[in-house]
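Notes for the structure review
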Amino acid sequence: MAEACCQTAFTLPAEAGGSRRRRLWELGHHAHCPVIGVCLPLPLVRQLAKKHLVLQGDEDDYTLHCSLVSASQQRNKLSEAAQRELEQRYELDRRQAAQAKCVDSLMAWWRGRAEQGDVAGALWATLTHPRCNEWLETRVLAQVHMLQHQVGAAQRVDLQRHKELVAEHAALARDYAAVQRRVSDWAQERHREQQAWAAERAQWRATEVGLQAQLDQAREQLARWQAAHEDLADRALLQQRLEAVLQRHQSLQRELQQERQRMPRVDPPPPVAAAAELAPVPTPAVLSQRVVLCVGGRGGSVPQYRQAIEGCGAQFLHHDGGCEHKPAQLEPQLAAADLVICQTGCISHDAYWRVKDHCKRHGKRCVFVDKPSASSLRRALGTLDERPPAGVAAVQP
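Residues numbered from 1 in each chain as written. Predicted model: local features only at pLDDT ≥ 70, side-chain atom pairs only at ≥ 80, totals over all residues. Heavy atoms only, no water.

A separate point is a nonpolar patch on the surface. Where nonpolar side chains cluster on the molecular surface, the patch consists of Leu222, Trp225 and Leu232 and spans about 280 Å² of accessible area. Following the sequence through the fold, Leu232 ends up in helix α10 (residues 232-262). (Patch = residues over 30% accessible without salt bridge, like charges linked within 9 Å, V, L, I, M, F, W, Y side chains within 5 Å. Areas by Shrake-Rupley, 256 points an atom, 1.4 Å probe, with all protein chains shown as cover. Salt bridge = Lys/Arg side-chain N within 4 Å of Asp/Glu carboxyl O. Helix = DSSP H or I, 4+ residues; strand = E, 2+ residues; numbered from the N terminus.)

Laid out in structure tokens, this is it:
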């Protein structure tokens with residue numbers, strides 16, 4: 001069967017004339033092998049053999065090819081089925097070949113299709129053409145024979161190249177898998193970092209919200225406190241001005257005392273007639289260059305208190321006894337004073353006990369005045385020459 005398939009001797013039809021196209025079984029047996037091998041795909045060959053031949057089930061492609069070639073030499077169900085399949089598959093090629101009206105034009109059409117690489121349809125249309133003679137059929141079959149050798153060589157080259165490409169593809173697939181693993185690990189690491197950043201951002205956001213709530217509460221408290229103390233700014237400004245005035249006054253007092261010490265002492269003339277309360281009070285020697293703190297008294301009489309004490313050569317300090325000034329401010333003033341005059345008629349209990357306790361603990365002289373008036377203060381200053389025993393002295397004029 002194999003020898004018949006690859007046989008090179010040719011049995012040609014007696015003449016190539018008329019308009020009738022030849023059938024598959026009408027071709028010479030030397031033409032069946034290239035027609036079946038080139039024009040029918042192997043899956044179709046296996047399908048036709050399975051349908052029209054009795055098979056054992058273990059036939060290979062070559063055995064099926066040879067069986068179909070042998071069956072195509074005669075008219076039977078298998079050759080008729082193959083004829084119908086070839087006619088349907090290459091109908092367009094048959095119509096194009098039908099335009100050739102002579103052997104030369106048919107040969108030119110075949111060569112053009114062969115150069116394009118479209119051999120299957122052109123082979124079937126050329127061999128079954130009414131104008132195909134012995135010379136043209138011999139040339140066509142010889143060219144197809146050489147093309148099959150070339151295709152076999154090309155297939156071997158392609159097979160080797162295919163093996164190389166398979167090996168290269170396997171290596172690239174391994175490299176790609178390694179890159180995919182690295183990319184996957186990197187993506188998972190970035191995902192974990194993003195989750196950690198999101199958790200940290202949420203924590204900072206919660207902290208920020210808590211601090212903002214505390215800030216809002218503090219602002220509300222400040223607004224309420226400022227609403228309750230609208231004169232706070234004015235009082236702070238007045239306090240600063242008062243401190244500046246006190247510092248200026250102390251500086252002027254020191255300059256005045258220095259000038260008095262440099263000037264000669266001149267006895268003043270005796271008064272003509274004055275009220276008892278307006279009589280000048282002799283300057284007690286114990287007040288010279290001393291600091292006298294006056295606690296309590298009426299607010300409108302403070303300038304008179306200052307004039308009376310500074311007229312004795314002393315430095316004047318004043319605390320209202322807790323009406324506007326805080327009792328806690330007494331401590332630094334008590335510590336700076338050498339003598340304390342406490343007007344008990346206008347003083348809080350807290351300030352009173354603070355004054356009494358401080359003077360007792362530090363052995364500082366304290367004069368208590370019942371009536372908060374300038375005349376009572378002058379009379380108390382006039383008694384300061386009488387030195388009391390050690391401890392706290394209470395003079396109540």
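Now that the structure has been shown, we can carry on.
Between helix α7 (residues 103-116) and helix α8 (residues 120-127), the least distance of the axes is 9 Å, while the angle of their chain directions is 165°. One way to sum up the angle between α7 and α8 is to call them roughly antiparallel. Seen from above, α7 lies across α8 with left-handed handedness. Where α7 approaches α8, its residues Leu106, Trp109, Trp110 and Arg113 are matched on the opposing element by Ala122, Leu123, Ala125 and Thr126. Of the residues contributing to the contact of α7 with α8, the split by class is six nonpolar, one polar and one charged. (Axes fitted to C-alpha atoms, helices over the stretch in contact; angles between N-to-C directions. Parallel < 35°, antiparallel > 145°, perpendicular 65-115°, else oblique. Left-handed = near helix turned anticlockwise from the far one by under 90°. Contact = heavy atoms within 4.5 Å. Nonpolar A, V, L, I, M, F, W, Y, C, P; charged D, E, K, R; others polar.)

Strand order across the open sheet formed by four strands is β2-β1-β3-β4, with parallel pairing between neighbours. Both outer strands of the open sheet, β2 (315-319) and β4 (365-369), are each paired with one neighbouring strand and no more. On average, each strand axis in the sheet is inclined to that of its neighbour by 20°, with strand direction left out of account. The pairing of strand β1 (residues 291-295) with β2 spans five bridges and is parallel. Bridge pairing links Val295 to His319 in β2. Helix α11 (residues 302-310) rests against β1, β2 and β3 (339-343) of the sheet, and its axis sits at about 150° to β2. (Pairing = 2+ DSSP bridges.)

The next thing to look at is the nonpolar core. Leu24, Val35, Leu40, Leu86, Trp110 and Trp124 are the most contacted members of the largest nonpolar core, which totals 40 residues. Looking at this core, the element that brings in the most residues is α8, giving six residues. Contacts of Leu40, omitting those with residues within four sequence positions, involve Val35, Val45, Leu48, Leu68, Ala82, Glu85 and Leu86. (Core = buried A, V, L, I, M, F, W, Y, C linked by side-chain atoms within 4.5 Å. Buried < 20%, exposed > 50% of the residue type's maximum accessible area, 1.4 Å probe, protein only.)

None of this, on its own, says anything about what the molecule does.
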